[in-house]
Amino acid sequence: APAMNVRMWQHAATQSNLTALLEHGVRIIGPDEGDMACGEFGPGRLAEPDEIAGVITAYFGDSSPLAGRRALVTSGPTHEPIDPVRYIANHSSGRQGHAIAAALARQGAATTLVSGPTNLPDPAGVYVVHIKTAQQMLDACQAALPADVAVCAAAVTDWRVDTAAKEKVKKTKGKLPTLNMTENPDVLATLSAAGNKRPQLVVGFAAETENIVANAQAKRENKGCDWLLANDVSPESGTFGGADNTIHLVSADGVENWPRMSKEDVAEQLAERVAASLGTAA
């Protein structure tokens, strides 16, 4: 996208047009986030020339097995409001999901990343939709369909307050507030059962603290996804929000135990597996 004001980029009409382009398989590059000549900060800067050239080379190059394919990735935590200043969240950094989106883009896929709040820059060559809540994540994912592959790497908060307070909940001495909880939508299960818009390959993540593989096998059956990548996030593992992951890939064919590696290497390995599974577009 050309350089523009952040308000122009975030305008509903612009986002509606972008959604229409994505539905027709158009590849989006940029915009980047940063300071702009108008004095504002946010998405709207023209993508750097080397970034544009790299995406074009990857998309049209002979070494791009996912050229012509569309990928959807979720990443980061979700924030579920309690009141205007408090929310329920988790410790997900978004590093794994962002790395997967970047790796799929390098394989040539037109990639949409739906990201909860993180401190990470947008991956190069990836169209990013920033959201906060689980419902917003699901809405953005459904708007990004159809896709050939969906990778749900986000740590979606399972519960939210039924009705968030419109004003800050005040502390009352000797009395604790009562929060009525309700379940959030299940993004992975919904994408796995998306009817004629279901991606050919749906990949989920399971952050487990015990019985890693057994819990992952049960989750794959329950969610209806094709692959499920389980990782140990027990306190002693130090992986939740950290730099590394130890992955167990669970599929209908069995369990693959990957060695502990960086999240970037996990992303590369997964992207290569996705490319091998999908092959080249017809």
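Note: the structure precedes this text.
Residues numbered from 1 in each chain as written. Predicted model: local features only at pLDDT ≥ 70, side-chain atom pairs only at ≥ 80, totals over all residues. Heavy atoms only, no water.

**Comments concerning the overall build of the protein chain**
- Regarding its fold elements, the protein chain presents 8 helices and 16 strands.
- Taken over 282 residues, the protein chain has a buried fraction of 46%.
- Carbon and sulfur atoms form 51% of the exposed surface of the protein chain, whose accessible area is close to 14400 Å². (Helix = DSSP H or I, 4+ residues; strand = E, 2+ residues; numbered from the N terminus. Buried < 20%, exposed > 50% of the residue type's maximum accessible area, 1.4 Å probe, protein only. Areas by Shrake-Rupley, 256 points an atom, 1.4 Å probe, with all protein chains shown as cover.)

**Brief notes about unusual backbone geometry**
- The omega torsion of the bond from Leu145 to Pro146 falls at 5 degrees, within 30 degrees of zero and hence cis.
- Relative to the assigned elements, Pro146 resides in the loop between helix 5 (134-144) and strand 8 (149-152).
- A positive phi angle, close to 45 degrees, is found at Asn211, a residue other than glycine.
- Looking at the secondary structure, you find Asn211 in the loop between strand 11 (201-208) and helix 7 (212-223).

**Here's the deal with the packing of aromatic side chains**
- Inspection of the entire model under this criterion finds 0 aromatic pairs.
- Here the basic side chain of Arg273 rests over the ring of Trp227, its NZ or CZ set 5.4 Å away from the ring centre. (Phe/Tyr/Trp six-rings, centres within 6.5 Å; stacked < 30°, edge-to-face > 60°. Lys NZ or Arg CZ within 6 Å of the ring centre and 35° of its normal.)

**Things to note about the nonpolar core**
- In terms of nonpolar packing, the biggest core is built from 32 residues, with Ile100, Leu104, Val151, Leu229 and Val274 touching the most fellow members.
- Residue assignment for this core shows that the elements contributing at least two residues are strand 3 (70-75), helix 4 (95-106), strand 8, strand 11, strand 12 (227-232), strand 14 (247-251) and helix 8 (263-278).
- At 7 residues, the largest contribution of residues to this core is made by helix 8.
- Setting aside residues up to four positions removed in sequence, Leu229 forms contacts with Val203, Gly204, Phe205, Ala206, Ile247, His248, Leu249, Trp258 and Leu270. (Core = buried A, V, L, I, M, F, W, Y, C linked by side-chain atoms within 4.5 Å. Contact = heavy atoms within 4.5 Å.)

**Notes on the state of the cysteines**
- Per the stated rule, a full pass over the model turns up 0 disulfides.
- This cysteine, Cys141, is not joined by any disulfide, and Cys152 carries the nearest cysteine sulfur, 6.1 Å off.
- You can call Cys141 buried: its relative accessible area is 0%.
- Overall, Cys152 belongs to the buried group, its relative accessible area being 7%. (Disulfide = S-S within 2.5 Å.)

**With respect to the sheet that holds strand 12**
- Across the sheet, which stays open at both edges, the 8 strands sit in the order 7-6-3-8-11-12-14-15 with mixed pairing between neighbours. Both edges of this open sheet fall to strand 7 (127-130) and strand 15 (254-257), since each of them pairs with a single strand only. This sheet shows a mean twist of 15 degrees between the axes of neighbouring strands, independent of strand direction.
- As paired strands, strand 3 and strand 6 (residues 110-115) are joined by 6 bridges and run parallel to one another. Bridging across to strand 6, Thr74 finds its partner in Val114. (Pairing = 2+ DSSP bridges. Axes fitted to C-alpha atoms, helices over the stretch in contact; angles between N-to-C directions.)

**Observations regarding the pairing of strand 14**
- For strand 14, a buried count of 5 out of 5 residues is recorded, marking the element as mostly surrounded by other parts of the structure.
- Burial along strand 14 is two-sided: Ile247, Leu249 and Ser251 and His248 and Val250, pointing in opposite directions, are all buried.
- The sheet contact formed by strand 12 and strand 14 spans 4 bridges and is antiparallel. Paired with Leu228 across the strands is Val250, a residue of strand 14.
- As paired elements, strand 14 and strand 15 share 4 bridges and run antiparallel to each other. Bridge assignment links Val250 to a residue of strand 15, and that residue is Val255.
- Linking strand 14 back to strand 15 in an antiparallel pair, the connection comprises 2 residues.

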